[in-house]
Amino acid sequence: VVINRAVVEGDYKLVRVWVLKVVSSGFSIGDFVNIREERGTVTVETPCSITFDSYLMKRGIYPMIKYGGIVKFEDYEPVAFEGVIDFSKSSIDPLEAFITRGKTDVLGIVENGEGYLPANFRVIPKVVLDKFERVIEEGRLNGILSYGEENVLGLCLKDNEVGVVLVGGLSPICPLVEMGYPLEISAACDIVDIHTMERVSKRSLKPFKKRGKFKIV
């Protein structure tokens, strides 16, 4: 799988607690993670959202990623994107940009249901919606925040599109940034054998399928 990597200056046990707190709450891609101590630093590796796209393509569903942004949460539910960056117009990973600029509050979502989560927005053809919903029912794509055929968390669609909002693969790293840990983030930087990663028990996210109240893009 393609992974994101963060090299953190901090105590291994504490870093592990914060990362696993996010993963077990459901805010990650899949249920795998690597956390190891190396030469006085802690390396954290999480699956990239490209893994999600690869799984869909194997099922005959071809997604196109469009935006990376920050989703506002209220009462443990996603409300709307607060801001997005077009992947095609950015020279750096949009989520990395939002995270390093202090725009997230993932810890707030995990602890009290209020905060800001990094997320990606992609579209799939409307003709494969039924197939996509069958995949969701199988429970193998845990990490979808919302999807729909019209306004999805503030982002509008063309008539032949379905929008899908997915948890950002870097989300488990966010509390470390929010708490001031010195670190270096590298998004979609390497490929590892998933069997070498630790599997974590995580909560299942229920995707919200409802029309957004606001228009961002």
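This one's a predicted model, so the numbers in the text were calculated from it and none came from an experiment.

A. Region of the structure containing the overall build of the chain. Of regular secondary structure, the chain possesses 6 helices and 10 strands. Overall, the C-alpha framework of the chain stretches about 55 × 35 × 35 Å when taken along its three principal axes. Expressed as a percentage of its 217 residues, the buried residues of the chain come to 51%. For the chain, the exposed area adds up to about 10,500 Å²; of that, 50% sits on carbon and sulfur atoms. Of note, the chain has its 28 positive side-chain charges centred 4 Å away from the centre of its 30 negative side-chain charges.

B. Looking closely at the nonpolar core. Membership of the largest hydrophobic core comes to 43 residues, with the highest contact counts inside it found for Phe27, Val44, Phe121, Leu145 and Val165. When residues of this core are assigned to their parent elements, the largest contribution, 6 residues, is made by helix H1 (residues 12–24). Ignoring anything within four residues of it in the chain, the contact list for Phe27 reads Val22, Phe73, Ile109, Val110, Leu117, Leu145, Val167, Ser171, Pro172, Arg203 and Leu205. Membership of the second largest hydrophobic core comes to 16 residues, among which are Ile29, Phe52, Ile61 and Ile136.

C. Examining the sheet that holds strand E5 (residues 77–86) more closely. With respect to topology, 5 strands assemble into an open sheet ordered E5-E4-E6-E8-E7, the strand pairing being antiparallel. At either end of the open sheet lies a strand with only one pairing partner, and these are E5 and strand E7 (144–148). For this sheet, the mean angle separating the axes of adjacent strands, direction not counted, is 30°. Judged from the 8 bridges that link them, strand E4 (residues 64–74) and E5 form a sheet pairing that is antiparallel. Directly across from Val71, in E5, lies its bridge partner Phe81.

Reading the values: rules and limits
- Residues numbered from 1 in each chain as written.
- Predicted model: local features only at pLDDT ≥ 70, side-chain atom pairs only at ≥ 80, totals over all residues.
- Heavy atoms only, no water.
- Helix = DSSP H or I, 4+ residues; strand = E, 2+ residues; numbered from the N terminus.
- Buried < 20%, exposed > 50% of the residue type's maximum accessible area, 1.4 Å probe, protein only.
- Areas by Shrake-Rupley, 256 points an atom, 1.4 Å probe, with all protein chains shown as cover.
- Lys, Arg positive; Asp, Glu negative; His and termini not counted.
- Charge placed at Lys NZ, Arg CZ, Asp CG, Glu CD.
- Core = buried A, V, L, I, M, F, W, Y, C linked by side-chain atoms within 4.5 Å.
- Contact = heavy atoms within 4.5 Å.
- Pairing = 2+ DSSP bridges.
- Axes fitted to C-alpha atoms, helices over the stretch in contact; angles between N-to-C directions.

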